[in-house]
Amino acid sequence: MLEVTRRRRVGVLISGRGSNMDALIAAARAPDYPASIAVVIANRADAIGLDKARDAGIAATLVEHKIHPTREAFEAALNAVLSAHRVEILCNAGFMRVLTPGFVEHWRDRHLNIHPSLLPGFKGLNTHERVLASGALITGCTVHVVRADVDAGPIVAQAAVPVLAGDTVDRLSARVMTAEHVLYPHALALFASGRAKVVGERIEHVLNATISDASWPLMSPVLDSR
Ligand code: GRF
């Protein structure tokens, strides 16, 4: 088990239900987890994740994009909250605003996102519909470092999920979501502990484990590598 010297302070950006946020909050309760959730910020007043964060005892703030005249003004308000909470790593978790290149550059190599496909395939919205229409038999989810292009950036970790006969968007998204809730805490642990490092436009992993257990969900790097 990794010896944690200092937990990195994490800010989580959400727009809705916040189930990935829940998974990060739950993981960060473990004393040996290398990150703590310092603040959750939602850009929509109806994001139910805000109440869930408060119920979990986490500072949670509404920064509504629609009351700000420009994207830059909205992002300045986000940064004010993030710096007040001394956030070191930012995690998008179902955050549905495109961020400006200036904001992305400010958080360069300190900013993660989760996307419900095996990137670089199926970037963008309506992912599961497009996966089903494509006939792909394996899909999954990806945690990556944020870059200015949407759903692009160095890949920290991925989990593969089967597409099953008779799948609907709801069934497939629920199966992928189960994997997301395991993958995101795992990826953040690797990143926060310095065991997943950005080198150029790729991630270099520093892992103890060998890939010996390929049980579902197939995950790379393997789950027990923290
Ligand atoms: C997840 O599928 C995530 O991959 C995508 O948006 C969804 C957010 O769900 N970026 P939740 O708000 O975490 O439940």
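In the block above lies the structure referred to throughout.
Values in this document were obtained by computation on a predicted structure and should not be read as measured data.

Reading the values: rules and limits
Along each chain, residues carry numbers from 1 onward, in the same order as the chain's sequence is written. Reporting of local features is limited, given that this is a predicted model, to residues whose pLDDT is at least 70; pairs of side-chain atoms are given and counted only at 80 or more, and all residues count toward the totals for whole chains, interfaces and linings. No hydrogens and no water enter the side-chain calculation; it runs on all heavy atoms of the structure. Within this scheme, the nonpolar core is defined by two criteria: the residues are buried Ala, Val, Leu, Ile, Met, Phe, Trp, Tyr or Cys, and they are joined through side-chain atoms within 4.5 Å. A simple rule labels every residue: compare its accessible area, found with a 1.4 Å probe on the protein chains alone, to the largest value its type can have, and call it buried under 20%, exposed over 50%, or partly exposed in between. Where helices and strands are cited, they refer to DSSP runs of H or I of at least four residues and of E of at least two residues respectively, numbered from the N terminus. Note on definitions: a residue-residue contact is assigned when non-hydrogen atoms from the two residues lie within 4.5 Å. In protein, a polar contact requires one atom able to donate a hydrogen and another able to accept it; more generally it is a pair of N or O atoms within 3.5 Å, and residues adjacent in sequence count only if both atoms are side-chain atoms.

Explanation requested: the nonpolar core in the structure shown.
Soluble, globular proteins show a tendency: their nonpolar side chains are buried together. With 45 residues, the main nonpolar core has Val12, Ile37, Val40, Leu112, Val156 and Leu188 as its most contacted residues. It is helix α6 (residues 169-192) that contributes the most residues to this core, eleven residues altogether. Apart from residues lying up to four places away in sequence, valine 40 is in contact with Val12, Ile14, Met21, Leu50, Ala53, Ile58, Ala59, Ala60 and Thr61. Ranked by size, the runner-up nonpolar core spans 17 residues in total, among them Leu13, Ala38, Val63 and Phe95.

I keep staring at the environment of leucine 125 and nothing clicks. Help me out?
Here leucine 125 is to be found in the loop between β5 (111-115) and α5 (127-134). By relative accessible area, leucine 125 is classed as exposed at 60%. Placed ten residues apart in sequence, leucine 125 and histidine 115 show a C-alpha to C-alpha distance of 9.6 Å. Excluding its chain neighbours within four sequence positions, the residues that come into contact with leucine 125 are Met96 and Arg130.

Any chance you could explain the environment of glycine 140 here in plain terms?
Mapped onto the elements of the fold, glycine 140 is located in strand β6 (residues 138-145). Separated by 39 residues in sequence, glycine 140 and alanine 179 place their C-alpha atoms 7.6 Å apart. Ignoring sequence-local partners within four residues, the contact set of glycine 140 consists of Pro116, Ser117, Leu118, Ala159, Ala160, Val161 and Val176.

Hey, could you run me through the side chain of histidine 111 in this one?
One can find histidine 111 in strand β5. Side-chain polar atoms of histidine 111 contact the side chain of asparagine 92, separated by 2.8 Å. Setting aside its immediate chain neighbours within four residues, histidine 111 contacts Leu90, Asn92, Leu99, Phe103, His144, Val145 and Val146.

Fair warning: the whole summary comes from geometry, so function is off the table for now.
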